[in-house]
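# Report on the structure
What follows is each chain in one-letter form.
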Amino acid sequence: MRSTQEGRPFLEKAEAATESLPGKKTESQSSESSWETLSFTESTLLENFPERQTQENKGTAADAVVAWLSEATVLEAQTGKPQAWKTPACEVQDRFNQLRQTSVSKVEAAQVLKQEPLPEKVEVPEKEKSEVLFTRPLWSNKVEYILAQVGYSVNAISLWRFFNLWLQNGGCFLIMYIVLLFLVGIPLLLLEMAAGQRMRQGSIGVWKIISPRIGGVGYTSFMVCFIVGLYCNVFNTWILTYLSHSFQFPAAWEHCPLLMNSSDFDPECANTTPFLYFWYRVALKVSDRIEDGGSPVDSLILSFLVSWCLVGAFVINGLKYIGKVMYVLVPVPHFIMLCFLIRSLQLDGAKLGLGYLVVGKISAIYSVNAWCQTGLQVLFSLGLGYGSVVSLASHMNLANNCLSDAFVVALINLGAMLLATTVFFCVGGFWATILTHRCNEKNAETLSRLVSLGKLPPEAQPPPNLFDYPTSIFTVWLNSLPQSIKSMVLSHVPECSLQKQFLKVGKSADFAFLSFVKAMSFIPGSVVWSILFFLMFLILGLNFMIGILQGIITPLRDTFSSFRKHTKLLTAVVFVLMFLCGLFVLQPSGLYYVRLLNDYWVIVPVIIIITLENMAVGWAYGARRFLAELTILWDRPIHPVIRWLWCCLCPGVLLVLLAAAVYSQSQTTWTYLSWDSSSSKEVLQQFPSWMRFMMIILSFIVILPVPIHFVYSLTRRIPFKSSSSNRSVMSSKSQSLSMHLTPMKEVQKEEALQGNNQIAGSPVV
């Protein structure tokens, strides 16, 4: 309201000038027209005012305008050409329309707000204009935005975790997941989307505006996003390594390599399977323990560089290019997954896998641990807490209905996981059938040898046609033996069970790289299917990394004004920095560090981030106040159940998940599956105690900005709730970050929101 009061002297001059014009209006009509002109002036100024905020001008948007104007006035005084000039009221509208087209200096409007004589326009060079004005890019349309959110949320790690939890808890897991998705997942996804879209800021700035005392959570989210980006791009490196070896038949992981200048196989590979040997010794060259470091693996450095170059090629050209790329990167992996589904349903053993898909375990519904694991899967499958959802949403129009966006993204994400899970179960059943066939064939060979040696009676001789249908024929023959002979046979060979083999496949920690690839190698056209499989996982990984990079670059660009002038340079610097830091994970023990960070460390910080975000919107800013603003922007009411979920249910569920995660990690032994080169086998080892202490220190470092910023806010007497003055600054900043000028309808909505805040203050939650 301050800017309106300060503009009254200008209105008096405008009315006087209007009286001399032909067709003069009445006094009331002229006053009404002048107020409309002033409203237009304020709205346009807030739209295009560049983001300049210092320690001295943290008040209203008008004060920030005046501070910027004073610098322009000093520059004009130095040129020695100050002249006073007047502008008739009838020309105000035309002049500001011209400002919309040419983006010239906003000196005239700023002087009106400050009640100072209007100086002559300062001719600002084009170079200085580009440095002063910063435009925030917006998504070209809603489809590109939805595709970007879907591409970020659907990733290979979430797909595998979803399948694993379904295998452990049966079909009841789907019921638990859907319940938590609608009661917790979608409301929290809406919260992050709405916060980024409403405040037009990245993860660092948005929470400072919503709740100054909880603003440190933005820095925590930024650091977690940076660390996750370091090791998640290593997955793409592994995929590229396998993809480069897929264009040969037979594939390198289907047979053991020969020794140099010899016809014998490598003894380390002969003592294990070619798949394990290629994974541990050829592709990753892993060490036997996590303590055994070393220089980065040479064969992985090139793949790591290529993966970063691919991500950089999609991100460096800005949001418009990312939106166009999403039209290809998002549908392609889903189409490949659909092809896999059609092919996997035709495989031998697919019926076995589908049987496990529909089996239900009622006991899982009464398990607290099962609910906690499902809740964590909901949070991580939607990509909450990293700041990427906020950053992607900050480039959307204010009037966009992000409630429908949250439902669309969550449902597409669920559909993708259901599709992938069905494929995994079918392929798992096929691979379990292959393993059972091999087991029965090996048992038949063993029994035949024992019978020939006289250690077993002739009745223990397997049938000769066993190799046609090994599992069914061997099982029928074994069950037809007398009990004494059967017991004697089972004492020399293990019993081959489809169920046990299927569960063994599901427990594999490296299903994507081992079990799935093994299964694909036994079907016709294995080379083509292997290439499609790795291509699908590579695109999913690139989509996820694009979202992660947006969660890093956008907050940096919003927080530091100097970065806005050189966005491409900033992007390149971030890539180089993350590439150099990621080389640490390429050392021989890098696989174990990835498992340590992904399986144990990242869980607690992400839950803390989401909990604080929920508190900032639901309690500090006020859920009722936030939803009222969204109602004005969307021109449609929002069901009050959202407020109840934000204020009551979601915080309670998050606190339970946090307590369960802390308790589980404190009571559970942190273990990892390592490679023992002496025995050529996988060995389960325990992480060293000092490694566990390092993870606690790392968690403390990333969470440290929250208490530091809270103490700083207390010492500066910054309120817990966001004040109207802060909102005014936020409005000016968000308007200045728009690439296109905001339509008048949105400006009027923004002014209405400011007026509501000034009148109502801070509503109670």
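Before any of the text, the structure's been laid out above.
### Quick word on the overall build of the protein
Counting its secondary structure elements, the protein contains 34 helices and two strands. Across the 765 residues in the protein, those meeting the buried criterion constitute 55%. In the protein, of all internal contacts separated by at least 6 residues, the share reaching a separation of at least 24 is 81%. Of the roughly 32,900 Å² of accessible surface on the protein, a fraction of 63% belongs to carbon and sulfur atoms.

### Quick notes on the pairing of strand β2 (residues 681-686)
Of all six residues in β2, zero are buried; the element is thus mostly exposed. Here strand β1 (residues 671-676) runs beside β2; their pairing, made up of six bridges, is antiparallel. Each bridged residue has a counterpart across the sheet, and for Asp676 the counterpart in β2 is Lys681. Hairpin geometry of β1 and β2 is characterised by an intervening segment of four residues between the two adjacent antiparallel strands and by a positive phi of about 55° at Ser680.

### Considerations on the pattern of salt bridges
Under the counting rule described, the total for this entry stands at eight salt bridges. Close ionic contact of Asp558 with Arg136 constitutes a salt bridge, the shortest N to O distance being 2.7 Å. Residue Asp558 is found in helix α26 (residues 526-559), and its partner Arg136 is found in the loop between α7 (126-132) and α8 (142-153); the two are separated by 422 residues along the sequence. As far as the burial class goes, Asp558 and Arg136 line up, both buried. Between Glu268 and Arg281 there is a salt bridge, with its nearest N and O atoms 3.1 Å apart. Placement of Glu268 in helix α13 (residues 267-270) and of Arg281 in helix α14 (residues 274-283) is noted, with a sequence separation of 13 residues between them. Three or more residues are tied together by salt bridges with common partners; here these are Arg198, Arg625 and Glu629.

### Overview of the packing of helix α12 (residues 217-244) against α14
With their axes 12 Å apart at the nearest point, α12 and α14 run at an angle of 110° to one another. Relative to α14, the element α12 lies roughly perpendicular. Crossing angle aside, the handedness with which α12 passes α14 is right-handed. Counting all contacts with α12, which are made through Trp238, Thr241 and Tyr242, the residues of α14 involved are Phe278, Trp279 and Ala283. Residue composition of the contact of α12 with α14, by class: five nonpolar, one polar and no charged.

### Some thoughts on the nonpolar core
Membership of the largest hydrophobic core comes to 197 residues, with the highest contact counts inside it found for Trp207, Tyr386, Leu549 and Val602. Among residues more than four places away in sequence, those in contact with Trp207 are Leu191, Ala195, Pro212, Ile214, Gly215, Val217, Gly218, Val390, Glu613, Ala616 and Val617.

### Focus on the packing of α8 against helix α21 (residues 402-452)
α21 packs onto α8 with a crossing angle of 45° between their chain directions and a minimal axis gap of 10 Å. As judged from the angle between their axes, α8 and α21 are oblique. In this structure, α8 meets α21 at a crossing whose hand is right-handed. Of the residues in α21, those touching α8 at Lys142, Tyr145, Ile146, Gln149, Val150 and Ser153 are Ser404, Asp405, Val408, Val409, Ile412 and Asn413.

### Some words on the environment of Leu503
Mapped onto the elements, Leu503 comes out in helix α24 (residues 498-506). Take Leu503: its relative accessible area is 37%, and that puts it in the partly exposed class. Sequence separation of Leu503 and Gln168 is 335 residues, and the distance between their C-alpha atoms is 9.2 Å.

### Side note on the state of the cysteines
A full pass over the atoms with the stated rule returns two disulfides. Cys256 shares a disulfide with Cys269; S-S distance 1.9 Å. Torsion about the S-S bond of the Cys256 and Cys269 cystine: about -80°, corresponding to left-handed handedness. In this pair, Cys256 sits in the loop between α12 and α13 while Cys269 sits in helix α13, placing the two residues 13 residues apart along the sequence. Across a sulfur-sulfur distance of 1.8 Å, Cys439 and Cys496 are joined as a disulfide pair. As the torsion about the S-S bond is roughly -75°, the Cys439-Cys496 disulfide counts as left-handed. Residue Cys439 is found in helix α21, and its partner Cys496 is found in the loop between α23 (483-490) and α24; the two are separated by 57 residues along the sequence. In this structure Cys496 comes out as buried when scored by relative accessible area, which is 13%.

The rules behind each value
Residues numbered from 1 in each chain as written. Predicted model: local features only at pLDDT ≥ 70, side-chain atom pairs only at ≥ 80, totals over all residues. Heavy atoms only, no water. Helix = DSSP H or I, 4+ residues; strand = E, 2+ residues; numbered from the N terminus. Buried < 20%, exposed > 50% of the residue type's maximum accessible area, 1.4 Å probe, protein only. Contact = heavy atoms within 4.5 Å. Areas by Shrake-Rupley, 256 points an atom, 1.4 Å probe, with all protein chains shown as cover. Pairing = 2+ DSSP bridges. Salt bridge = Lys/Arg side-chain N within 4 Å of Asp/Glu carboxyl O. Axes fitted to C-alpha atoms, helices over the stretch in contact; angles between N-to-C directions. Parallel < 35°, antiparallel > 145°, perpendicular 65-115°, else oblique. Left-handed = near helix turned anticlockwise from the far one by under 90°. Nonpolar A, V, L, I, M, F, W, Y, C, P; charged D, E, K, R; others polar. Core = buried A, V, L, I, M, F, W, Y, C linked by side-chain atoms within 4.5 Å. Disulfide = S-S within 2.5 Å.

Read these as geometric descriptors, not functional statements.
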